Amino acid sequence: MKTLKIKSVIKSTLLLTVLSTGCKKVLDEQPRSSFNPEYFKTVQGVNGGLTAMYAHLRNIYGQAYYYNSGVTGTDEATWGQSADGNFKDLDCSGVGIISSTSYPTSIIWGESFTDINTASGVIENASAVGISSALIAEARFFRAFDYFLLVQSYGGVPLDLGSGALKFNITPSRTSVRNTVPEVYTKAIFPDLLQAINDLPETGRVTGGLTKTAARLFLSKAYLTYAWWLQNPNSIPTYPASNRTDPNGHDAAWYFQNAYDIATTAIDNPGSFKLQPTFYDVNVGTNDRNSEMVLYADHTQSSEKYNGSSLTYGSGGAPDNFAGWMMTWNYPNIISGGVNSVLREADQHLGRPWVRMAPTVEVLKNTFADKVNDSRYDGTFTTVYRGNWQKGGNTAQTLANANGLPVAQGGAILSFLDNDDPNVVYAKGNGNVGAGLLPGRSDWVVNPGDISRIIYPGLWKLGPYRTDNGTGLGQPNAGSTRPYPIAKFSELYLIAAEAAVKGATVKPGKSARELVNVLRARAGKWRFNNNGNVVKIEDDSQAMMAATPAVIDMNYVLAERSREFYAEGGRWFDLVRTQKWGELAASFTIAGTTFGDHTPVKVTRSIDSHLYLRPIPQGQIDALVMSAADKAAYQNPGY
């Protein structure tokens with residue numbers, strides 16, 4: 001199969017409208033200063049436009065500030081010790097506020113409209129040169145994909161970028177009118193995805209290319225989200241003001257049913273996709289781009305040109321894939337026998353520490369309560385930090401560690417325990433990171449109930465993986481060269497399960513419980529103990545399925561989503577869609593910001609209903625040439 005290679009970033013002047021207010025980038029196989037309608041009537045132009053659409057995924061997914069906006073402030077994470085306002089604002093815990101000048105909430109607005117316009121250019125002009133309907137369907141998918149991101153984030157958004165609704169725009173516009181939520185779904189998202197399902201191939205034309213399965217996944221998810229919007233169980237306000245009625249005459253039940261039907265159709269007609277045999281296989285770097293990955297933002301270690309960013313030092317900005325740095329604590333501070341024993345390394349368990357985000361105690365003790373049968377905790381976090389000092393040039397065979405006991409290269413230096421042990425004794429100087437001691441153990445330890453904003457398990461699933469480290473530490477300061485996951489085949493099971501809980505009529509063998517149990521059974525299958533660093537052939541699938549409640553409710557579906565997709569960036573959308581954000585993320589516990597503080601405190605969040613929509617970026621408002629009243633009306637209420 002061919003591999004899509006993205007060569008360079010260019011600025012596109014003709015795609016700029018007032019709706020795109022930041023630094024606008026379009027990627028093309030050959031650098032150009034602009035795109036215009038005539039260019040899109042060439043094969044080269046269509047290919048350049050499509051390449052730009054795939055490439056723009058890297059400006060969103062793996063971009064840590066956008067990533068933060070989907071995780072921080074939910075029941076998955078809070079701000080970490082080194083966080084600035086970009087992270088504290090999103091936490092809704094009294095240390096900052098989300099406003100129209102907040103950067104993380106502006107990213108989708110700044111990135112999506114340019115891509116939408118590129119897609120419209122391809123859709124309108126590609127048929128003039130005999131471009132296949134399958135390629136045009138890729139543009140339709142991306143236009144729907146971007147509008148889906150926008151409508152979930154901001155409510156209703158403009159369909160007319162200056163030349164008419166869903167038309168390719170080449171004239172910068174200084175006025176704008178927001179369409180309603182039903183209009184965005186029924187005029188843009190649903191028609192484009194339905195056509196994409198019809199025209200896309202079962203197997204992608206390139207590695208990572210779009211397929212019918214991808215279109216079905218996003219259409220089922222869009223139907224699901226719109227059904228919740230129509231139903232509006234908690235009376236969350238929308239904007240622009242609109243009746244909760246569907247222009248096509250359908251009710252919420254119809255959309256829940258169709259979400260279920262399309263998701264299960266995708267499961268039954270998977271094309272080239274399938275579940276991986278174990279959860280470890282889904283996330284281990286040696287198995288990237290596996291059969292479960294329906295859509296991802298790709299990177300490579302083979303070339304800076306094709307990677308889109310430096311292979312030696314990440315800038316901390318798009319298109320770097322640096323999301324994994326955010327929930328990585330400063331493990332290189334650990335000292336054993338006077339030596340830094342765990343060095344910064346381009347290894348999936350380690351990586352570059354930024355300490356901007358942290359999991360909560362509830363994540364470790366409640367979301368991942370079962371650490372015996374369920375492999376997903378082990379396949380999500382780094383809980384054991386192993387010595388690698390020899391890779392940094394220190395030839396010592398062992399170092400004195402906890403209790404004065406020696407640890408060899410590769411041995412456990414610090415471990416986060418699976419369960420709280422009351423015998424752990426902490427001291428600020430332990431390992432230079434305020435860790436704990438247990439009698440007879442050579443590794444420092446930390447209880448899961450004693451994690452803090454400065455010391456906590458790292459996020460193994462998003463850690464870096466490279467094959468060019470040799471015998472050294474590699475390039476740990478570079479952005480990750482791994483593909484960033486956007487959509488997985490496993491999500492189809494949880495979309496269908498959620499629709500079933502909401503009343504969809506189910507197919508034989510595909511009730512909510514049965515769908516959830518497909519993933520829970522897989523989670524019970526082990527082939528490797530990740531943090532133990534040993535082969536583990538064990539099948540706990542029967543125990544996992546037996547532990548599933550007889551009746552599945554929405555909170556259980558959401559808990560399963562978190563166990564499957566923890567900290568991958570989509571949690572805010574899940575909680576907003578189901579209107580559970582204020583319930584499930586209302587409070588959490590965690591210790592403070594200094595090493596040695598292991599006294600967790602309860603933190604309460606204030607999640608007002610207006611926060612269920614993000615603010616329109618202030619730069620957008622300021623750029624409009626409209627009256628002050630019209631500008632004020634353009635903004636979402638509460639900002």
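Keep in mind it's a predicted model, so treat the numbers as computed, not measured. (Residues numbered from 1 in each chain as written. Predicted model: local features only at pLDDT ≥ 70, side-chain atom pairs only at ≥ 80, totals over all residues. Heavy atoms only, no water.)

Before we move on, can you summarise the overall build of the protein with the specific residues and values?
Within the protein, the regular secondary structure consists of 19 helices and 21 strands. Its C-alpha atoms give the protein a radius of gyration of 24 Å, near enough to 26 Å, the size a compact globule of 639 residues would have. Seen through its C-alpha atoms, the protein measures out along the principal axes to roughly 75 × 55 × 50 Å. Here the protein holds 639 residues, and the buried ones make up 62% of them. Accessible surface computed for the protein: about 21,700 Å², of which carbon and sulfur atoms make up 51%. Computed over 57 positive and 56 negative side-chain charges, the inter-centroid distance for the protein is 3 Å. (Helix = DSSP H or I, 4+ residues; strand = E, 2+ residues; numbered from the N terminus. Rg over C-alpha atoms; globule rule 2.2 N^0.38 Å. Buried < 20%, exposed > 50% of the residue type's maximum accessible area, 1.4 Å probe, protein only. Areas by Shrake-Rupley, 256 points an atom, 1.4 Å probe, with all protein chains shown as cover. Lys, Arg positive; Asp, Glu negative; His and termini not counted. Charge placed at Lys NZ, Arg CZ, Asp CG, Glu CD.)

So what about the environment of proline 353? Which residues, and what values?
Of note, proline 353 is situated in the loop between β8 (339-340) and β9 (357-358). The exposure class of proline 353 is buried, given its relative accessible area of 8%. Proline 353 sits 55 residues away from alanine 408 along the chain, and the two C-alpha atoms are 24 Å apart. Non-local contacts of proline 353, meaning those with residues more than four positions away in its chain, are made with Trp325, Thr328, Trp329, Asn330, Pro332 and Arg344. (Contact = heavy atoms within 4.5 Å.)

So what about the side chain of glutamine 348? Which residues, and what values?
Along the chain, glutamine 348 falls in the loop between β8 and β9. Setting aside chain neighbours within four positions, we find glutamine 348 in contact with Asn283, Val284, Gly285, Thr382, Trp460, Lys461, Gly463, Pro464 and Arg482.

Can you explain the confidence of the model for the protein? Please cite residues and give values.
In the predicted model, the protein carries a mean pLDDT of 94, and 94% of its residues have values of at least 70. Across the protein, helix α12 (residues 491-501) holds the top mean pLDDT of 99, while strand β2 (residues 8-10) sits lowest at 27. Scored below 50 in pLDDT, residues 1-33 shows 111 contacts in the model against residues more than four places distant or in partner chains. (pLDDT = per-residue confidence, 0-100.)

Describe the pairing of strand β13 (residues 412-416), listing the residues and the values that go with them.
By the criterion of burial, β13 is predominantly enclosed, with four of the five residues buried. As defined by bridge partners, strand β10 (residues 384-386) adjoins β13 across three bridges and the pair is classed as antiparallel. Residue pairing in the sheet places arginine 386 in a bridge with alanine 412 of β13. Of the strand pairs in this sheet, β13 and strand β16 (residues 444-446) are connected by three bridges, and their pairing is parallel. Looking at β16, one finds that phenylalanine 416 is bridged to valine 446. (Pairing = 2+ DSSP bridges.)

Tell me about helix α4 (residues 107-125), and name the residues and values.
Taking 1.5 Å of rise per residue, the 19 residues of α4 would be expected to cover 27 Å, and the 28 Å separating its terminal C-alpha atoms lies within 8% of that figure. Among the 19 residues that make up α4, 18 are buried, leaving the element largely enclosed by the rest of the structure. (Expected span 1.5 Å × (residues − 1).)

Any chance you could break down the packing of α4 against helix α5 (residues 133-154) for me, citing the residues and the numbers?
The interhelical angle for the contact between α4 and α5, taken along N-to-C directions, is 155 degrees, at an axis separation of 9 Å. Relative to α5, the element α4 lies roughly antiparallel. α4 and α5 meet at a crossing whose hand is left-handed. Of α5, the residues touching α4 (which contributes Ile107, Ile108, Trp109, Ser112, Phe113, Asp115, Ile116, Ala119, Ser120, Val122 and Ile123) are Ile136, Ala139, Arg140, Phe142, Arg143, Asp146, Tyr147, Leu149, Leu150, Ser153 and Tyr154. Split by residue class, the contact of α4 with α5 holds 15 nonpolar, three polar and four charged. (Axes fitted to C-alpha atoms, helices over the stretch in contact; angles between N-to-C directions. Parallel < 35°, antiparallel > 145°, perpendicular 65-115°, else oblique. Left-handed = near helix turned anticlockwise from the far one by under 90°. Nonpolar A, V, L, I, M, F, W, Y, C, P; charged D, E, K, R; others polar.)

A description of the nonpolar core should follow, citing residues and the corresponding values.
In terms of nonpolar packing, the biggest core is built from 168 residues, with Tyr67, Phe141, Tyr147, Ile189 and Trp329 touching the most fellow members. When residues in this core are grouped by element, the largest group, 14 residues, is from α5. (Core = buried A, V, L, I, M, F, W, Y, C linked by side-chain atoms within 4.5 Å.)

Please give an account of unusual backbone geometry that cites residues and values.
A cis geometry characterises the amide bond from tyrosine 239 onward to proline 240, with omega recorded as -10 degrees. Take proline 240: it is sitting in the loop between α7 (212-231) and α8 (252-268). Cis geometry marks the peptide bond from alanine 318 to proline 319; its omega dihedral reads 5 degrees. Considering the arrangement of structural elements, one finds proline 319 in the loop between α10 (304-307) and β7 (335-336). In the Ramachandran plot, arginine 289 falls in the positive-phi region, its phi being about 60 degrees despite a non-glycine side chain. Of note, arginine 289 is situated in the loop between α9 (279-283) and β6 (293-297). For alanine 567, which is not glycine, the phi torsion reads 55 degrees and is therefore positive.

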